[in-house]
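A structural walkthrough
Below are the chains, spelled out letter by letter.
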Amino acid sequence: MSSSAAPSPRKRILTDPIDVRGRLHDLGLEEDDLRSVANRGLAARLSCTENHPLQSAGYYAWSEAVCAMREIHIPRGWERSDESNLPFTVNADRSVAIAIATGDENTGCPDREPCTKSSKGPKTRSVVDANVGQILMFPDLVLKPEHLAQINARMTWLLLMHFDPIAREVRSELSRPVSMDQDQRVDGWDERIILRSIPLDGDLVRVSPTGNTPPQSPEIVLEIKRRA
Amino acid sequence: MFNPTRLRLARKRRGHTKSSLAVKLGVDLRAVYAYESGEYPPAEDTLRKIQLVLDFPEAFFSGDDLEEPSPDTASFRAMTKMLSGQRDMALETGAIAFHINNWLESKFELPPTDLPDLSNEPTPEVAADSLRRYWGIGEMPIRNMIHLLEAKGVRVYSLAIDAREVDAFSAWKGSTPFVFLNTNKSSEHSRYDAAHELGHLILHRQGSPQGREAERQANLFAGAFLMPRASVLAHARPFPTLSRLIELKKIWITSLAALNYRLHEVGLTSDWVYRGLCIEIAKRGYRTKEPNGAPREVSQALLLMLAALRQDGIGRHKMAEALSISSTELDQLLFGLVMTAIEGGRHKPTGKSSEPPALIRVK
């Protein structure tokens, strides 16, 4: 690891739905919104055919997810911010920034450490360093936007998405990066918020009369009276 | 007393032009004009021929004027493709349904009409949503479209016309809404037609818009009403296979094609996925023959009234007699909605020969 290592004891991995919701709430986010971002990315990926260049599926997915992230959050006061070719979505007081990245197969798996699929540039390096600095500054705190707003700083999160054709699902997590490897891929996280995965096809979700089928509208019993 | 308007009605009901009727009767075209304009009535033996050719009893031709749905208040599904003869047949079927309905309502009190005018809603989808909320059915799939319409005061009659172009139509008679359904279609198709007509009733009561735009709006309404967005988003997933769609359509009891369209409309499937499924559905012939068809919906109001009449000793023949129409005519307007299958080869419901017909027949 070339970056300053994050102090490992404080690493947090959230999987429990209530913890996930609470922590996302701290950041002004909702799980389903982030899942729909991943979902839009997925839809874009799957609209690529054999006629598309091989690399385009990943690029389309990423690009569409960035757009979805902004379309969903701008109405709630977030803004887009393009910094050195890295697209962020930033909250109103500029204390939280989110970027999108494709992750490896460990994405969304709480017991394994994910890493971004591709190498990142100097801008990513600088936000990772800023995240590390904030941990050193507030070693005992679960960082909230208001802490950062006070010191005019910004924490950066990555929404990692991984499309898994074998498990037939899309896994995603919102994680705060704190280190990069020699190939400039992000590989260490101070905090990971694991989102529920999105199944790819019905084979994973069964509709059965007893299971998933929603109740129908009530049975109607007409009243028809004879006239006198 | 011979009533010329009744002759015109009966002729159009059977799809005859004045000249084709003249040929059948072996009289001059001029004579048919005269009968219908009231210049002079047909001679006794000609009147008997008329009864035979048009299959209406003698008494029918001497009744009062019957109210007819007018072409500008009736909404047809495929007005542009329809021949005027087919439209007239449908309208006159409507006139006879009005006649039957008057008679039934003189004996029974039916549910009052509860259809809000939603023509000012910004989109058909919003209107569908508002109506669901107004009726308190939220996001639930509709168990039975005919029962729902009947409960909200819509009078539902069957339209046994053998024309692809006539799926269904709706009309207002004063403040009473009517829906006519072609009962030769699959259950899924019929439910969609019923929702489409409901769309016309609540969106286009004031008459405008007309034609293609009105049809487009009624289609959007039908899709959104049968498959509400949140319910679709709760159960469907973005990349369905065809077999998954066949499973899914059971939830909303809709055709494969309509479900595929709706998944795309709510943004669950991409253009690419949508088109791929369209091709697959067409290739397997599922457009004309619905896989895993649902059982046909049956009218509850008509069943209840026919059962009550039977208790009073009024069966189908007596009823037809009281209305001065043939029993066949009565069957065509009622029994398509009372039995799951109309007897006779060409009226078999499509695709479900294995389904036993429901044993509800009121004699």
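Residues numbered from 1 in each chain as written. Chains lettered and ligands numbered in written order. Predicted model: local features only at pLDDT ≥ 70, side-chain atom pairs only at ≥ 80, totals over all residues. Heavy atoms only, no water.

Comments concerning the overall build of chain B
Counting its regular elements, chain B contains 16 helices and five strands. Looking at the 363 residues of chain B, the share that counts as buried comes to 56%. Residue pairs in contact within chain B that sit at least 24 positions apart in sequence constitute 70% of those at least 6 positions apart. Accessible surface, chain B as shown: approximately 15,500 Å² in total, 52% of it carbon and sulfur. (Helix = DSSP H or I, 4+ residues; strand = E, 2+ residues; numbered from the N terminus. Buried < 20%, exposed > 50% of the residue type's maximum accessible area, 1.4 Å probe, protein only. Contact = heavy atoms within 4.5 Å. Areas by Shrake-Rupley, 256 points an atom, 1.4 Å probe, with all protein chains shown as cover.)

Digging into the nonpolar core
By size, the foremost hydrophobic cluster in this structure holds 134 residues, and its most contacted members are I100 and F225 of chain B. In terms of residue count, helix 5 (residues 84–107) of chain B provides more of this core than any other element does, nine residues in total. Excluding its chain neighbours within four sequence positions, the residues that come into contact with I100 of chain B are Y157, M319, L323, I325, L330, L333 and L334 of chain B. Among the nonpolar cores identified, the runner-up in size contains 13 residues, and A97, V128, L158 and W189 of chain A belong to it. (Core = buried A, V, L, I, M, F, W, Y, C linked by side-chain atoms within 4.5 Å.)

Quick look at the environment of V154 of chain B
All names here are of chain B. For V154, the position within the fold is in the loop between helix 7 (145–151) and strand 3 (155–158). The sequence separation of V154 and S170 amounts to 16 residues, and the corresponding C-alpha distance is 9.8 Å. Residues in contact with V154, not counting those within four places in the same chain, are L115, L149, P177, F178, V179 and L201.

Observations concerning the pairing of strand 3 (residues 86–90) of chain A
All names here are of chain A. Buried residues dominate strand 3, accounting for five of its five residues. Relative to strand 3, strand 2 (residues 79–83) runs antiparallel, the two being bridged by five bridges. Of the residues in strand 3, the one forming a bridge with D82 is P87. Here strand 2 folds back onto strand 3 in antiparallel fashion, the turn holding two residues, of which S84 has a positive phi close to 45°. Pairing geometry for strand 3 and strand 4 (residues 96–102), over two bridges, is antiparallel. When the sheet's bridge partners are listed, T89 is paired in strand 4 with I98. Taken together, strand 3 and the strand that follows it, strand 4, pair antiparallel across an intervening segment of five residues, in which R94 is found at a positive phi of about 60°. (Pairing = 2+ DSSP bridges.)

Some words on unusual backbone geometry
Residue and element names in this part refer to chain A. Phi is positive for S84, which is not a glycine, with a value near 45°. Within the fold, S84 resides in the loop between strand 2 and strand 3. What makes S84 exposed here is its relative accessible area of 59%.

Side note on the confidence of the model for chain B
Residues and elements named next belong to chain B. Of all residues in chain B, 88% attain a pLDDT of 70 or more, and the chain-wide mean is 85. Note on residues 340–363: pLDDT under 50 across the span, and 41 contacts to partners over four residues away in sequence or across chains. Prediction confidence for the complex, expressed as pTM and ipTM, is 0.62 and 0.73 respectively. (pLDDT = per-residue confidence, 0-100.)

Quick notes on the pattern of salt bridges
Residues and elements named next belong to chain A. Counting across every chain of the model gives 43 salt bridges over all chains. Salt-bridge contacts for K123 lead to E83; the nearest nitrogen and oxygen are separated by 3.2 Å. A residue pair is termed long-range when its members are at least 10 positions apart, and K123 in helix 4 (residues 122–137) and E83 in strand 2 qualify at 40 residues. Bridged by salt links that share partners, the residues R12, R23, D26, K144, R176, D190 and E191 form one connected network. (Salt bridge = Lys/Arg side-chain N within 4 Å of Asp/Glu carboxyl O.)

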